[in-house]
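Coordinate inspection notes
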Amino acid sequence: MTPMITHILFATNLSRNSTYALRHTASLAQAIGAKIHVLHVNEPVSEDARITFELFVLNEDSRKSATMARHEMVRKLLAERQARFWAALDEEDRKARDLVTSVEVTDGYPAEVILRRSKELGCDLIVMGTHDHGLSQTFLGTVAKRVLRRSAIPTLIIPYRDDAEISAT
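The structure displayed is predicted, hence computed values, not measured ones.

Scanning the protein for helices and strands turns up seven helices and five strands. Starting at the N terminus, the α and β elements of the protein follow one another as β-α-β-α-α-α-β-α-β-α-β-α. In the protein, which comprises 169 residues, the share counted as buried stands at 35%. Taking the intrachain contacts of the protein between residues at least 6 apart in sequence as the baseline, contacts between residues at least 24 apart amount to 82%. Surface exposure of the protein reaches about 10,400 Å², of which carbon and sulfur atoms provide 57%.

Next comes the structure, spelled out in structure tokens:
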């Protein structure tokens, strides 16, 4: 018997390639009728950044407020990018938006949160995009590797494509 995919966890890092990975996620979900759960994980602030923050923002309430504002800014950015993504599709493809059942922004270590939420949401597939080449690829590549190594469900990694490659296909 062929395993059924009914719930897809789309983990986004808000990179340029995440839009390309979402296109694949939406297309797959539409073809098989699966639900999409969108997840972005804010990484914890480094110890260095935390100390610097405390040094320049002396009021604890202000620090808490700034931390909450960071979270809300990411939520707003995710909402804006999703709105642009869906608006750019033709009417037929835009129907896949109805398959998005949750959009979540949370804090934690990305690989651990992705794996935990995939279980909690009953997902059958995880979809992630890779980052463009450069310094950040090493770190974010580590997230994909950790998810791949520890995932109990299939995980689809969408390779990086630059804008020229995407528009040429």
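Text resumes after the structure shown.
Here the focus is the layout of surface pockets. The computed volume of the second largest pocket comes to approximately 270 Å³. Around the second largest pocket sit 14 residues that line it, and Val 45, Arg 50, Phe 53, Thr 67 and Arg 70 are the ones nearest its centre. Those elements giving two or more residues to the lining of the second largest pocket turn out to be helix H2 (47-56) and helix H3 (60-87). No other element matches the five residues that H3 contributes to the lining of the second largest pocket.

Counting across every chain of the model gives six salt bridges. Across the pair Lys 95 and Glu 92 runs a salt bridge whose closest N-O atoms are separated by 3.3 Å. For Arg 117, the salt bridge is made with Glu 104, and the minimal N-O distance between the two is 2.9 Å. One end of the pair, Arg 117, is in helix H5 (residues 110-120); the other, Glu 104, is in strand E3 (residues 100-107), and 13 residues separate them in sequence. Take Arg 117: its relative accessible area is 16%, and that puts it in the buried class. For Glu 104, a relative accessible area of 22% gives the class partly exposed. Counted as one network, the salt bridges with shared partners bring together Glu 104, Arg 116, Arg 117 and Glu 120.

Turning to the sheet that holds E3, a few remarks are in order. An order of E3-E2-E1-E4-E5 is seen for the five strands of this open sheet, with the pairing classed as parallel. The open sheet terminates on both sides in strands that have one partner only, identified here as E3 and strand E5 (155-158). Across this sheet, the average inter-strand angle for adjacent strands is 20 degrees, counted without regard to direction. Sheet analysis places strand E1 (residues 7-11) next to strand E4 (residues 125-129), joined by four bridges and oriented parallel. By the bridge assignment for E4, Ile 8 is matched with Leu 125. The strands that H3 touches are strand E2 (35-42) and E3; relative to E3, the one it contacts most, it runs at about 150 degrees. Running over the sheet, H5 touches E1, E2, E3 and E4 and is turned about 155 degrees from E2.

In this model, Leu 14 sits at a positive phi of 65 degrees, which is unusual for a non-glycine residue. Mapped onto the elements of the fold, Leu 14 is located in the loop between E1 and helix H1 (17-32). Leu 14 gets classed as buried once you look at its relative accessible area, which sits at 13%.

With that settled, consider the confidence of the model for the protein. Per-residue pLDDT for the protein has a mean of 85; in total, 87% of the residues score no lower than 70. Note on residues 134-140: pLDDT under 50 across the span, and eight contacts to partners over four residues away in sequence or across chains.

Attention now goes to empty space enclosed by the protein. Tallied over the entire structure, the rule returns one cavity of 30 Å³ or more. Space inside the largest cavity adds up to approximately 90 Å³. As for the largest cavity, its lining consists of Phe 10, Thr 12, Leu 14, Ser 18, Thr 19, Leu 22, Leu 78, Arg 81, Gln 82 and Phe 85. Those elements that provide at least two residues to the lining of the largest cavity are H1 and H3.

Cut-offs and rules
- Here, residues in each chain are numbered from 1, in the same order as that chain's written sequence.
- Owing to the predicted nature of the model, reporting of local features is limited to residues with pLDDT of at least 70; listing and counting of side-chain atom pairs is limited to 80 or more, with chain, interface and lining totals taken over all residues.
- Note that the side-chain values use all heavy atoms of the structure and ignore hydrogens as well as water.
- Only DSSP runs of H or I reaching four residues or more are called helices, and only runs of E reaching two or more are called strands; each is numbered from the N terminus.
- Here's how the labels work: a residue is buried when its accessible area is under 20% of the maximum for its type, exposed when over 50%, partly exposed in between, all with a 1.4 Å probe on protein chains only.
- Contacts: residue pairs with any heavy atoms within 4.5 Å of one another.
- Calculation of accessible area relied on Shrake-Rupley with a 1.4 Å probe; when residues are assessed, cover is drawn exclusively from the protein chains displayed.
- Within this scheme a cavity is a closed region of a 1 Å grid, computed over the protein atoms alone, that accommodates a 1.4 Å probe without allowing it to escape, whereas a pocket is open but has protein on both sides within 12 Å along at least five of seven lines; lining residues each have an atom within 4 Å of a point.
- Grid points are joined across faces, edges and corners, and a volume is the space filled by probe spheres set on the points.
- Any Lys or Arg side-chain nitrogen located within 4 Å of an Asp or Glu carboxyl oxygen qualifies as a salt bridge.
- By definition, two strands form a pair when at least two bridges between them are found by DSSP.
- To get an axis, fit a line to the C-alpha atoms, keeping to the stretch in contact for a helix; angles then go from 0 to 180 degrees between the N-to-C directions.
- Looking at any residue, its pLDDT shows the predictor's confidence there, from 0 to 100.

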